[in-house]
Amino acid sequence: MTYRNTMRAVGWRRSEHLFWFWVLPALLVLSGCSGEPDAVMGDARRAGEHLATQGRDGIPPCSSCHGPKGEGQATFPRLAGQHPLYLVKQLEDFARVPPRAGVVVEPIARDYSATPRIYSDLTVFSPGIREDAVMGPIARQLSKADRRNLALYYASLPFDATPVPADFQTLERGQDLALRGKPEYGVPGCVTCHGPDGRGFEADFPPLAGQPAAYLVGQIDRWQSGQRDNDPQRLMQTVANQLTDADKANVAAYFANLSANWPGYQGDWPWPE
Ligand code: HEC
Ligand code: HEC
């Protein structure tokens, strides 16, 4: 049966099917159906920029700590160019209040400068928590829309990492850990998850390059103490528990020494609705 015969059979007049099959779709495309998410993104980014730079009742401007372009410094992480879904997740995790149930066993006191931290499995952690005295109270005042707006704004900012110099031996050791890991402890190289050159991979694996070294070391410390316990499948905690203080310093210096640039988030509106 031909196309025309099919249409006749279901009782459609030519002018009718012309409209439904050809004219309407063309109109939808021309009317910028595909442009709408861009407008939504633009509005969200602008609202995010306003909150990030001006703050609001009780919410200090994010830029006062994270830098005017989200570039970060010292223990304040870079937000610029990070994946919007990662940023939203972190803001949700900061906002969560840790339940005080369960037994918390402090890891046995010992000198961790040379050997990895062990016995940490005795501690009952509270998954999904990222405890921070500064970010917690800020994140709890943000609405869902605020979190999305801020995430899109910071994700859209471009960023060029300026390499921080370090001595050769530190860099060499850091590179070994970053690329090869510690196979004797079952630790894969950081780049296996965090992407080539530590540039980050999709929403789950944040960039390590272009983050201040002090911030990187501080986060690994927090995983070891259980203060940060928000990684999917404990992927990062398992790694962190096997790192010595020297490992942390070396690998952080290595990533801070890389030059890299992020053009800013180029993807679509990353949320379902
Ligand atoms: C008073 C300083 C301060 C202000 C203001 C501030 N932050 Fe932070 N922010 C921090 C610190 C410190 C950390 C690191 C916390 C940690 O060690 O877990 C952080 C961490 C973060 C992270 C985690 C980044 C990562 O790579 O995991 C995000 C996201 C974030 N802040 C977003 C914001 C947003 C959005 C605002 C504004 C609404 C804001 N911050 C305001 C100090 C601040
Ligand atoms: C098996 C996968 C995996 C490996 C290998 C891995 N990580 Fe991670 N790492 C993660 C995940 C997942 C997260 C994000 C957790 C979250 O959602 O908050 C993370 C987050 C981090 C963060 C926090 C970044 C931020 O912006 O707050 C640091 C620092 C970090 N990893 C350092 C390292 C270092 C150093 C190594 C190598 C010694 C390493 N990671 C190896 C999975 C991994």
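What comes next concerns the included structure. (Residues numbered from 1 in each chain as written. Chains lettered and ligands numbered in written order. Predicted model: local features only at pLDDT ≥ 70, side-chain atom pairs only at ≥ 80, totals over all residues.)

Description of helix H10 (residues 213–225)
Cut-off, in case you're wondering: Numbered from the N terminus, helices here are DSSP runs of H or I no shorter than four residues, and strands are runs of E no shorter than two. Take the number of residues in a helix, subtract one, and multiply by 1.5 Å to get its expected span. Any pair of residues counts as being in contact when their C-beta atoms, constructed from backbone geometry, are within 7 Å of one another.
The end-to-end C-alpha distance of H10 is 19 Å, a good match for the 18 Å that 13 residues give at a rise of 1.5 Å each. On the buried face of H10, the contacting elements are strand S3 (228–229), helix H11 (235–240) and helix H12 (245–256).

Observations concerning the packing of helix H5 (residues 84–95) against helix H7 (residues 144–156)
Basically, it comes down to this: Angles here are taken between N-to-C directions and fall from 0 to 180 degrees, while the axes themselves are lines fitted to C-alpha atoms, restricted in helices to the stretch in contact. Should an angle fall under 35 degrees it is taken as roughly parallel, and over 145 as roughly antiparallel, whereas 65 to 115 is taken as roughly perpendicular and any remaining angle as oblique. Definitions for this section: a left-handed crossing has its near helix turned counterclockwise from the far helix by less than a right angle. A right-handed crossing has that turn clockwise.
Close contact between H5 and H7 brings their axes to 8 Å; oriented N to C, the two are set at 135 degrees. With respect to each other, H5 and H7 are oriented oblique. Crossing hand, H5 versus H7: right-handed. Facing Pro84, Leu87, Val88, Leu91 and Glu92 of H5, the residues of H7 in contact are Arg147, Arg148, Ala151, Leu152, Tyr154 and Ala155.

Looking at the site of ligand 2
Stated formally: In this entry, near means the residue's backbone-placed C-beta atom lies within 6 Å of the molecule or strand. Three categories are distinguished: nonpolar for Ala, Val, Leu, Ile, Met, Phe, Trp, Tyr, Cys and Pro, charged for Asp, Glu, Lys and Arg, and polar for the others, with Gly belonging to the last.
The local shell around ligand 2 holds 23 residues, among which Cys190, Cys193, Pro206, Asp231 and Met236 are the closest. Of all the secondary-structure elements, those providing two or more residues to the shell around ligand 2 are helix H9 (190–194), H10 and H11. It is H9 that provides the largest number of residues to the shell around ligand 2, a total of four residues. Tallied by class, residues from the shell around ligand 2 come to 15 nonpolar, five polar and three charged.

Observations regarding the nonpolar core
What tends to happen in soluble globular proteins is that the nonpolar side chains get buried as a cluster. For clarity, the threshold we go by: Here, a nonpolar core denotes buried Ala, Val, Leu, Ile, Met, Phe, Trp, Tyr and Cys residues that are linked to one another through C-beta atoms within 7 Å. A residue is called partly exposed when the number of other C-beta atoms within 10 Å of its own lies between 12 and 20, exposed at 12 or fewer, and buried at 20 or more, with C-beta atoms placed from the backbone.
In this structure, Leu87, Ala151, Tyr154, Ala252 and Phe255 are the most contacted members of the largest nonpolar core, which totals 42 residues. Elements with a minimum of two residues in this core: helix H3 (36–54), H5, H7, strand S2 (159–161), H9, H10, H11 and H12. Apart from the residues within four sequence positions on either side, Ala151 is in contact with Pro84, Leu87 and Val88.

Observations concerning the site of ligand 1
If you check the shell around ligand 1, you find 22 residues, and the closest are Pro60, Cys62, Cys65, Pro77 and Leu150. Secondary-structure elements contributing two or more residues to the shell around ligand 1 are helix H4 (63–66), H5 and helix H6 (135–139). Here the residues of the shell around ligand 1 are counted per class, giving 15 nonpolar, five polar and two charged.

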